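Secondary and tertiary structure notes
Listed here are the chains, written in short residue letters.
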Amino acid sequence: MRYITYILFLFTGILNAQNILLYTETSGYDHNTREEAETLLSSLATEHGWTYTVDNTGIELDNLSDYDLIWFSNTSGDNFTSTERGFIETFASNGGNFVSEHASSDSYGHSTSTDVSGNGFGMWDWWAENVTGCSVQ
């Protein structure tokens, strides 16, 4: 998993990020991968001189201007209020970067989807089109 995520960083030009938010809140199926994601990010941060914050509750979502990158990991379920969705969309439109992996596509699907990964949680077209690039059914 370390090398796959590292390749994602390279391809998306994220190596210039200095301060990263690792967002891992879940209200859906819990894949229990938070520790692995944090271990990987800790290793990369040490190697590249990055700082990072781990957020399992969404408390940092109103402070996104403090970050260069949001890394969404294991975020299954409908976790964001409409205000928090606005924060994320604004962060991206202002040039903020993000990486999504492991169950991020379980969070939200297209409004035309009848089901999201069997959970049927949230519908948020922006997320499905910009963060995960899909609706998993």
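Now for a description of the structure that goes with this document. Bear in mind that the values here come from a model prediction, so they are computed numbers and not experimental data.

**Quick word on the sheet that holds strand S4 (residues 97–101)**
Strand order in this open sheet of four strands is S2-S1-S3-S4, and the pairing throughout is parallel. Taken across any chain shown, the strands that pair with only one partner, and hence form the sheet edges, are strand S2 (51–55) and S4. Adjacent strand axes in the sheet meet at a mean angle of 20°, parallel and antiparallel pairs treated alike. Alignment of strand S1 (residues 19–23) against strand S3 (residues 69–73), held across four bridges, turns out to be parallel. In the sheet register, Ile20 faces S3, and the bridge partner there is Leu69.

**Quick notes on the pattern of salt bridges**
Between side chains of opposite charge, pairing is possible as soon as their charged atoms come close. As enumerated under the stated definition, the model contains one salt bridge in all. Its salt-bridge partner being Asp78, residue Arg85 comes within 3.5 Å of it at the nearest N-O pair.

**Quick notes on the nonpolar core**
In this structure, Leu64, Ile70, Phe72, Phe80, Ile88, Trp124 and Trp127 are the most contacted members of the largest nonpolar core, which totals 15 residues. Of all elements in the fold, only S1, S3, helix H3 (82–93) and helix H4 (125–130) reach the threshold of two or more residues within this core. For Trp124, the contacting residues outside a window of four places in its chain are Phe80, Arg85, Ile88, Glu89, Tyr108 and Gly109. Counting twelve residues, the second-largest nonpolar core is a separate cluster that includes Ile20, Leu40, Leu44 and Val99.

**Regarding unusual backbone geometry**
Even without a glycine there, the phi angle at Asn74 is positive, about 60°. The topology assignment puts Asn74 in the loop between S3 and H3.

**Brief notes about the environment of Tyr67**
By the secondary structure assignment, Tyr67 is in the loop between S2 and S3. Judged by its relative accessible area of 8%, Tyr67 falls in the buried class. When near neighbours in sequence (up to four residues on either side) are disregarded, Tyr67 contacts Asn19, Ile20, Leu21, Thr53, Glu60 and Phe91. Within polar-contact distance, the side chain of Tyr67 engages the side chain of Thr53 at 3.3 Å.

**Let's talk about helix H2 (residues 34–48)**
If you check H2, its first and last C-alpha atoms are 21 Å apart, about what 15 residues at 1.5 Å a residue would give, namely 21 Å. Considered for burial, the residues of H2 that qualify are Ala37, Leu40, Leu41, Leu44 and Ala45. When H2 is viewed along its axis, its buried side chains cluster within an angular range of 135° and face the same direction. Exposed positions of H2 whose direction lies more than 90 degrees from the buried face are Glu35, Thr39 and Thr46.

Definitions and limits used
Residues numbered from 1 in each chain as written. Predicted model: local features only at pLDDT ≥ 70, side-chain atom pairs only at ≥ 80, totals over all residues. Heavy atoms only, no water. Pairing = 2+ DSSP bridges. Helix = DSSP H or I, 4+ residues; strand = E, 2+ residues; numbered from the N terminus. Axes fitted to C-alpha atoms, helices over the stretch in contact; angles between N-to-C directions. Salt bridge = Lys/Arg side-chain N within 4 Å of Asp/Glu carboxyl O. Core = buried A, V, L, I, M, F, W, Y, C linked by side-chain atoms within 4.5 Å. Buried < 20%, exposed > 50% of the residue type's maximum accessible area, 1.4 Å probe, protein only. Contact = heavy atoms within 4.5 Å. Polar contact = N/O pair within 3.5 Å; in protein donor to acceptor, adjacent residues only side chain to side chain. Expected span 1.5 Å × (residues − 1). Arc of directions from axis to C-beta.

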